[in-house]
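# Close look at the chain arrangement
In case you want the letters, here they are:
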Amino acid sequence: MTGASFLLLALTLVVAAGDWHAVFHRLTALEYVCKPLTMVVLIATAVALDVDQPAVRVWFVVALVFCLLGDVFLMLPSDKFVFGLASFLIGHLAYIVGMQVDGVVATRLAVGAVLVLVVVVVVGTQIVGGVRRGSEPELTGPVLAYMTVISVMVMSAIGTGHPAAILGAGSFFASDALIAWNRFLRETRHARLAIMVTYHLAQIGLVLSLV
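Because the structure is predicted, anything quoted here is derived from the model rather than measured.

Here is what the cut-offs are and how they apply
- Residues numbered from 1 in each chain as written.
- Predicted model: local features only at pLDDT ≥ 70, side-chain atom pairs only at ≥ 80, totals over all residues.
- Heavy atoms only, no water.
- Core = buried A, V, L, I, M, F, W, Y, C linked by side-chain atoms within 4.5 Å.
- Buried < 20%, exposed > 50% of the residue type's maximum accessible area, 1.4 Å probe, protein only.
- Helix = DSSP H or I, 4+ residues; strand = E, 2+ residues; numbered from the N terminus.
- Contact = heavy atoms within 4.5 Å.
- Axes fitted to C-alpha atoms, helices over the stretch in contact; angles between N-to-C directions.
- Parallel < 35°, antiparallel > 145°, perpendicular 65-115°, else oblique.
- Nonpolar A, V, L, I, M, F, W, Y, C, P; charged D, E, K, R; others polar.
- Disulfide = S-S within 2.5 Å.

## Brief notes about the nonpolar core
If you look at the biggest cluster of nonpolar residues, it comprises 52 residues, and the most contacted ones within it are Leu 64, Tyr 95, Met 153, Phe 172 and Phe 184. Sorting the residues of this core by element identifies α1 (3-25), α2 (28-48), α3 (54-75), α4 (81-102), α5 (106-133), α6 (140-160), α7 (163-184) and α8 (191-208) as the ones contributing at least two each. Here this core gets nine residues from one element, more than from any other, and that element is α6. Leaving out residues up to four positions away in the same chain, Met 153 has contacts with His 92, Tyr 95, Ile 96, Met 99, Ala 169 and Phe 172.

## A short note on the packing of α2 against α3
Axis separation between α2 and α3 bottoms out at 10 Å; the angle between their running directions is 175 degrees. Between α2 and α3, the angle is such that the two are roughly antiparallel. Across the interface between the two elements, Glu 31, Tyr 32, Lys 35, Pro 36, Met 39, Val 40, Leu 42, Ile 43, Ala 46, Val 47 and Ala 48 from α2 touch Arg 57, Val 61, Leu 64, Val 65, Cys 67, Leu 68, Asp 71, Val 72, Leu 74 and Met 75 from α3. Tallied by class, residues from the contact of α2 with α3 come to 17 nonpolar, no polar and four charged.

## Comments concerning the state of the cysteines
Scanning all chains against the criterion turns up zero disulfides. Free cysteine Cys 67: the closest other cysteine sulfur is in Cys 34, separated by 18 Å. For Cys 67, a relative accessible area of 0% corresponds to the buried category.

If you want it as structure tokens, here you go:
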């Protein structure tokens, strides 16, 4: 890791902490600054890293840009959930391509498939049921599509064998599960804070898997 990337990573954590503070205390103006800025600084971190496979970084930067776009959609006062969902779906597809370029091992991929299947059966089926029974049943298709793509992303991360990628993808899975649970099933206390902490740690873990 270069000196510049280390400083940018530290700045990412500082700005992310500012966003967590804003979410916890419901400081909307501060959140509007810190939430997108966290991803902007993290993208700069990824660009500054000294990596062995530049092609993987390109795909990861594409993923980060679409995730930034998704952050903005989900942050807006008007309900842009579908646009945010689509942005993150494209981001996950870019992560998947990057991981495939990096290289995955079939046996690890199989282990990942089993682990993801367990989570989908235990948690995912409840979320899909909540969507179908709720006030937005038309979102069942988009939610299923998104669940499929993020599941493949987590499997691919496990397939790479990189601990940072696995932890990052797993945190992403947890963050998105919390979003869906709170929107379609029931809200839990401090859920928004947990969503943002796991989300930022996920993105940082995925970026660190580049080195």
